[in-house]
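Spelled out from the first residue to the last, the chains are:
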Amino acid sequence: MTRKRKHALDFHRRLPSHIWDSLADVGIVESVVHAKLLGYDDPHLVVPIFASHREIAFFEYWIETNRAFTLDVERTGSRSGLYGRELLRTAPGQVVFCETSIDRLILISKGFAAVSLAGTQKKVDESWIGELQRVKGLLVWASSSDSASCWVKQLVGRVPSARLVRSPSEGSLGSVVDFFATGGRTRIDLVEMFRSNQTGDESE
């Protein structure tokens, strides 16, 4: 067992009840908390970013305030990664590419295959492109404030199956947290939205 994995297990055992409650509030289920070894290093929620199924590349540190999570950029450091990269090895049919690890954790809690940017540098590494190109349907979820960012343009421009997810009624989206927690929508709503994007019925 590597030192980083030992740290991750130690952090996981420390998760306090108020962080469990906050994770549940944003839609991250208990089984995902355990499977992804989410942990606690006071005062941070700690998210291990895996380079492989067992090897941890680095940790993200999140601050919880009023049951919402904000990435602590200084504590996390200058890092960049693809969270959930191991998923791409199976050449899946549909994958959602989202902005943050919290977004990804919510989506997989809802039963969706998802990957996300990880760390503090929002960029798509050249080494990811070949793996992403094997995905039959890459749905790119960018918040309305981030839809013109370089990472979005890289994905939509380089990956043939990539499509920017849009809401049929509202156009560009907010965050995944906003979609479920603030918007009061369900998994069924998201399935319908994804279907409309795949068939080309979404608003331009």
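Throughout what follows, the structure given in this document is the object of discussion.

1. Some thoughts on the nonpolar core
- Of all hydrophobic cores here, the largest spans 35 residues; its most connected members are Ile28, Leu45, Leu107, Trp141, Leu190 and Phe194.
- No other element matches helix 5 (residues 101–109), which puts 5 residues into this core.
- Excluding its chain neighbours within four sequence positions, the residues that come into contact with leucine 107 are Val96, Cys98, Phe112, Ala114, Val176, Phe180 and Leu190.
- Core analysis: the second largest hydrophobic core is formed by 20 residues, Leu88, Leu117, Trp151 and Val152 among them.

2. Side note on the packing of aromatic side chains
- Evaluation of the coordinates by the stated rule reveals 7 aromatic pairs.
- Ring centres of tryptophan 141 and phenylalanine 194 lie 6.5 Å apart, and the angle between their planes is 85°; this geometry places the pair in the edge-to-face category. Of this pair, tryptophan 141 sits in the loop between strand 8 (137–140) and helix 7 (150–158) while phenylalanine 194 is found in helix 9 (residues 187–198), placing the two residues 53 residues apart along the sequence. Residues tryptophan 141 and phenylalanine 194 agree in their burial class; the two are buried.
- For the ring pair phenylalanine 179 and phenylalanine 180, a centre distance of 5.1 Å and an interplane angle of 80° mean the geometry is edge-to-face.
- For phenylalanine 180, a relative accessible area of 7% gives the class buried.
- Connected via pairs of aromatic rings, a cluster forms that spans Phe112, Trp141, Phe179, Phe180 and Phe194.
- Its end group placed over the ring of tyrosine 83, arginine 104 keeps NZ or CZ at 4.6 Å from the ring centre.
- When the ring centre of phenylalanine 180 is taken as origin, the NZ or CZ atom of lysine 110, which lies over that ring, is 4.7 Å away.

About the thresholds
Position numbers for residues count from 1 along each chain, tracking the sequence in the order it is written. Only residues with pLDDT of at least 70 are given local features in this predicted model, and only at 80 or more are side-chain atom pairs given and counted; all residues enter the totals for whole chains, interfaces and linings. The basis for every side-chain value is the complete set of heavy atoms in the structure, and neither hydrogens nor water enter the calculation. Put simply, buried Ala, Val, Leu, Ile, Met, Phe, Trp, Tyr and Cys residues joined by side-chain atoms within 4.5 Å make one nonpolar core. The classification of residues rests on relative accessible area computed with a 1.4 Å probe and restricted to protein chains. Under 20% of the type maximum is buried, over 50% is exposed, and intermediate values are partly exposed. Working definition: helices are DSSP H or I runs of at least four residues, strands are E runs of at least two. Numbering for both runs from the N terminus. Residues count as neighbours in contact if any of their non-hydrogen atoms are within 4.5 Å of one another. Any pair of Phe, Tyr and Trp rings, taking the six-membered ring for Trp, is counted once the centres come within 6.5 Å. Such a pair is stacked with planes under 30 degrees apart, edge-to-face with planes over 60 apart, and tilted for the rest. We count a charge as sitting over a ring when the NZ of a lysine or the CZ of an arginine lies within 6 Å of the ring centre and within 35 degrees of the ring normal.

Function cannot be inferred from these measures alone, as they are strictly geometric.
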